[in-house]
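If you want the building blocks of each chain, they are given just below.
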Amino acid sequence: MGGKEGNTSGFLRACLSSPLSLSLSLSLSRTHTDVHFLLREGRDDNSSVVRIQYEKMVNISADSIRQFESLIDQVDESLNKTFANVHLGNRVDTLVRFLKARDGNVSKAHKMLMDCLNWRIQNEIDSILTKPIVPKELYGAVRDSQLIGLSGYSKEGLPVFAIGVGLSTFDKASVHYYVQSHIQINEYRDRVILPTASKNNGKHISTCLKILDMTGLKLSALNQLKLLTIISTIDDLNYPEKTDTYYIVNAPYIFSACWKVVKPLLQERTRKKIQVLQGCGRDELLKIMDYASLPHFCRREGSGSSRHYNAEVDDCFSLDHSFHQQMYSYIKQQSLGSQLTMPAPQGSFHVRFPEPDPEGSMIAETIESELHRLEGQNSHCNAGSLKINGE
């Protein structure tokens, strides 16, 4: 850290365009100074000053950061070691992320971070990038049924992750392989993709954009709700504030119906991160990224999409895509290094699934209820049609 130029905070907006940025030094002993959009951090030799260049208000006080740092300074060596793998040299930025996730409440943010660090130790998350899903055919099956990929970068330098929500079937491996794969992508993003993006752009980048393709979303999604809840809970509790904006594209009626009942349940901070775009979202997304970074399902002129609508378009979901090839090679190399000291066991990497918070549980129950309602409505309509045809 040490005052290095170009560090930015974990909260970047894709369309950030404000020309105003201010720099100042804050004594951590002050208790009423608001920290705004953390862009650069550093310490003097006495660790008494944090230099901050800031823009947008995040309502986190300098005193809150000081209190949080004081609590974290008291953790034991094992927790401190895994915390180092979380912050990767951007300690204050990480504390701000957890504070934001708990609306600035130091006590709740501290508990959240402690739970996260203990979860990482108990489940050996620090070494998860040394545990490839093998054989490669099994990994290919996971990739074919859990559609996610890196399509490129925004004009601000943020990684753009594409997720095929509607066409992911999660039916070719056990739940543990899907969870392992998801966590590995998170860790590879944080340890490799984001540091590389920061270096290439000359500024600290700690968030990404996600484009969620709802093509093919059906009532059968109810069968995947439990797994999706597990994955989202892992993200909420252990990787907070890592996604700047979620863009929803190719949304069918079933999504619109669920979104209508779920949206009021979300915190305002979360609602502001979600943008439902018209059709494939091509025109809106081109405002924040180049055409080459558009996921394949967003390149149509009109609405609607398909995973394989054009064989010549680079499919970022495919195992053959450079992102997946590079990540799998990275994990294999890390595995070879770790096996010099301890042979890696075969089989899936079992992770303890955290319990969703009350808000997450309520949202999952609401989605399930709405899907059941739509399912019943659909069955009633089909029955009616059969009766009419029978007459």
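Residues numbered from 1 in each chain as written. Predicted model: local features only at pLDDT ≥ 70, side-chain atom pairs only at ≥ 80, totals over all residues. Heavy atoms only, no water.

Draft legend 1. A look at the environment of Gly216. Position of Gly216 relative to the elements: it lies in the loop between β7 (208–213) and α7 (225–238). On a C-alpha basis, the gap between Gly216 and Gly166 in space is 4.6 Å, while along the polypeptide they are 50 residues apart. Excluding anything up to four places from it in sequence, Gly216 contacts Gly166 and Leu167. (Helix = DSSP H or I, 4+ residues; strand = E, 2+ residues; numbered from the N terminus. Contact = heavy atoms within 4.5 Å.)

Draft legend 2. Main features of the nonpolar core. Counting residues in hydrophobic clusters, the biggest one holds 43 residues, and the most contacted among them are Ile125, Ile183 and Phe323. Looking at this core, the elements with two or more residues in it are α5 (136–145), β5 (148–153), β6 (159–164), α6 (175–201), β7, α7, α8 (253–262) and α11 (322–338). Tallying contributions element by element places α6 first for this core, with eight residues. Apart from residues no more than four positions distant in its own chain, Ile183 is found in contact with Trp119, Ile125, Ile128, Ile234, Tyr239 and Val351. Ile60, Ala109, Cys116 and Leu117 belong to the second largest nonpolar core, which has 21 residues in total. (Core = buried A, V, L, I, M, F, W, Y, C linked by side-chain atoms within 4.5 Å. Buried < 20%, exposed > 50% of the residue type's maximum accessible area, 1.4 Å probe, protein only.)

Draft legend 3. Examining the packing of aromatic side chains more closely. Taken as a whole, this structure holds seven aromatic pairs when the rule is applied. Measuring from ring centre to ring centre gives 5.9 Å for Phe161 and Phe323, while their planes differ by 80 degrees; the resulting arrangement is edge-to-face. A residue pair is termed long-range when its members are at least 10 positions apart, and Phe161 in strand β6 and Phe323 in helix α11 qualify at 162 residues. Assessed through its relative accessible area of 4%, Phe323 is described here as buried. A ring pair is formed by Phe255 and Trp259, whose centres lie 6.1 Å apart and whose planes are at 10 degrees; its orientation type is stacked. On the criterion of helical spacing, the pair formed by Phe255 and Trp259 is a turn pair, its members being four residues apart in helix α8. Taken together, Phe161, Tyr188, Phe323 and Tyr330 form an aromatic cluster joined through their ring pairs. Its end group placed over the ring of Tyr291, Arg299 keeps NZ or CZ at 5.0 Å from the ring centre. (Phe/Tyr/Trp six-rings, centres within 6.5 Å; stacked < 30°, edge-to-face > 60°. Lys NZ or Arg CZ within 6 Å of the ring centre and 35° of its normal.)

Draft legend 4. Looking closely at unusual backbone geometry. The omega torsion across Val134 and Pro135 is -5 degrees, close enough to zero to call that bond cis. As for its position among the elements, Pro135 is in the loop between α4 (106–122) and α5. Of note in the backbone geometry, Asp103 takes a positive phi value of approximately 50 degrees without being a glycine. Along the chain, Asp103 turns up in the loop between α3 (91–101) and α4. Of note in this structure, Glu241 is not a glycine but carries a positive phi near 55 degrees. Structurally, the position occupied by Glu241 is in the loop between α7 and β8 (243–249). Under the relative-accessibility criterion, Glu241 is labelled buried at 9%.

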